[in-house]
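As a plain string of letters, each chain reads:
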Amino acid sequence: MNIDLNKNIINLNKMAQMKKLAFDRKKPVKVPTFIVRGENTVADISRILDEQKIHCRNLLFLCDETTFKIGGKEIIESLKKKGVEIVKKFIQRSDEKTVRLVEKTIKYHKFDLLIGFGGGRILDVAKLAAGNNRIRYISIPTILSNDGISSPVSVITNKKGIPISHLTYPPYGVIIDYAIIKKAPLRHLRAGVGDLVSNLSAVFDCRLARKRKNECIDEKILRLSEIGAKKLLKVNAYDIKSKEFLETLCDGLLKSGLAMCLFGSSRPASGSEHKISHAMDYLFPGRDSLHGEQVGIATLFTMAIQKNPHLKSVKRLFKNIKFPYKLSYLKIRPDDFVKIVVYAKKIRPWRYTILEDKKMCPEKISKIIPEIF
Ligand SMILES: [Zn+2]
């Protein structure tokens, strides 16, 4: 199989210009060095590493039993043929303990490369462990459930079972294999849609903060963050696994991650709707809903109070792809949702959003809930 790497790499010239823009703000910027997308890219891993001049001898490969079967084994075998020493580790959870164990393995074996092959949990553990130990990390997602595939943010559950966002280094490289992504459960793809459209709410909040609080947020970064969601709203969404839909979703999530890299925090992709989702995790921990499902549902609420012009299109998209947009899906009662929104203002209080702007009190919140859900 032959992959045109140049065709599959996101416009790196444009990225370089944007990097300069972020440098002008005197912030250190790290972005992935390469992004490769295509069908059956995993089968071509050795060639991709050669093209990127990545010569590793000692590699840590993180996956789980499922992802090992759907491509992990193939990657390991093809790299072993090149003479690479590989330690494979199955990851079950994305908690602090797992990160510590992986870091211990890294220190002991002195790996020169880490590959994470799997869903959000595996990639989050890989990203933070690699970042803390300053080793190169390649992200190969098997599902598209959130924008962590290219971002500098890793979400790790603490001892109390609450997911905490850690700012770290983004992956050195990202490899997307559409043949694998296509086999992902629909639920995860829908969650990816929820996380991507939430950028429309987050970007609205950024522009609001710029207007009201003079917050310094570059418009080019905001456009990069929202462009994928806007494109997705225009795609014929009846077949979520169609080539067009999957590529648009993937491109949008990658750009969302890059916007975070350029800004140096999750700000361009995480506003009031993420505050609500985090508040849900704090007040009602241990539920089995996905991050993208939570932020997608919260986005409907924040967009309504923002009077966001994209709300109607987002609702239509959710209906078309059968996104679970009802509050009852999260097993949260309306009166608990009121508590969650009130609590949300305590999350990252320095981040100005529509929740602070509209001074959302319990009465106002309860009035809006039946109009949306
Ligand atoms: Zn998110």
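Worth saying up front: this structure is predicted, and the values here are computed from it rather than measured.

Asker: Is there a simple way to explain unusual backbone geometry in this structure?
Answerer: Where the residue is not glycine, phi is negative for most of them; where a peptide bond is considered, it is trans in most cases. We note that Asn214 has phi near 60°; this positive angle belongs to a residue other than glycine. You can see Asn214 is positioned in the loop between α8 (186-213) and α9 (219-234). Among the residues examined, Asn214 registers 7 C-beta atoms within 10 Å and is labelled exposed. Notably, Lys322 is not glycine yet its phi reads approximately 60°, a positive angle. Structurally, Lys322 is set in the loop between α13 (311-320) and α14 (334-344).

Asker: Explanation requested: the packing of helix α12 (residues 291-306) against α13 in the structure shown.
Answerer: If you want to describe how two helices pack, look at the angle between their axes and the distance between the axes. It is at 10 Å that the axes of α12 and α13 come closest, and there the two elements cross at 160°. The pairing of α12 with α13 is recorded here as roughly antiparallel in orientation. Helix-helix and strand crossings are classified by hand; for α12 and α13 the assignment is left-handed. The segment α12 lies against α13, with Thr299, Leu300, Met303 and Ala304 engaging Leu311, Val314 and Lys315. Grouping the amino acids of the contact of α12 with α13 by side-chain chemistry returns five nonpolar, one polar and one charged.

Asker: Is there a simple way to think about the packing of α8 against helix α10 (residues 243-263) in this case?
Answerer: Their axes nearest at 10 Å, the elements α8 and α10 cross at an angle of 50°. If you check the angle between α8 and α10, you find them oblique. The interaxial crossing formed by α8 with α10 has left-handed handedness. In contact with Leu189, Gly192, Val193, Leu196 and Asn199 of α8, α10 contributes Leu249, Gly252, Leu253 and Ser256. Classifying every residue of the contact of α8 with α10 gives five nonpolar, four polar and no charged.

Asker: Any chance you could explain the domain arrangement of the protein chain here in plain terms?
Answerer: How large an interface is tends to be reported as the accessible area lost when its parts come together. Split into domains, the protein chain comes out as domain 1 (5-181) and domain 2 (186-372). Taking only C-alpha atoms into account, the centre of domain 1 sits 25 Å from that of domain 2. Every contact between the two is made by 35 residues of domain 1 and, on the other side, 30 residues of domain 2. Mapped onto the side of domain 1 that touches domain 2, the elements with two or more residues apiece are α2 (12-24), β1 (34-38), β7 (163-167), β8 (173-177) and α7 (178-181). For the side of domain 1 that touches domain 2, the class distribution of residues is 21 nonpolar, eight polar and six charged.

Parameters at a glance
- Residues numbered from 1 in each chain as written.
- Predicted model: local features only at pLDDT ≥ 70, side-chain atom pairs only at ≥ 80, totals over all residues.
- Helix = DSSP H or I, 4+ residues; strand = E, 2+ residues; numbered from the N terminus.
- Buried ≥ 20, exposed ≤ 12 C-beta atoms within 10 Å, placed from the backbone.
- Axes fitted to C-alpha atoms, helices over the stretch in contact; angles between N-to-C directions.
- Parallel < 35°, antiparallel > 145°, perpendicular 65-115°, else oblique.
- Left-handed = near helix turned anticlockwise from the far one by under 90°.
- Contact = placed C-beta atoms within 7 Å.
- Nonpolar A, V, L, I, M, F, W, Y, C, P; charged D, E, K, R; others polar.
- Domains from an automatic or database assignment.

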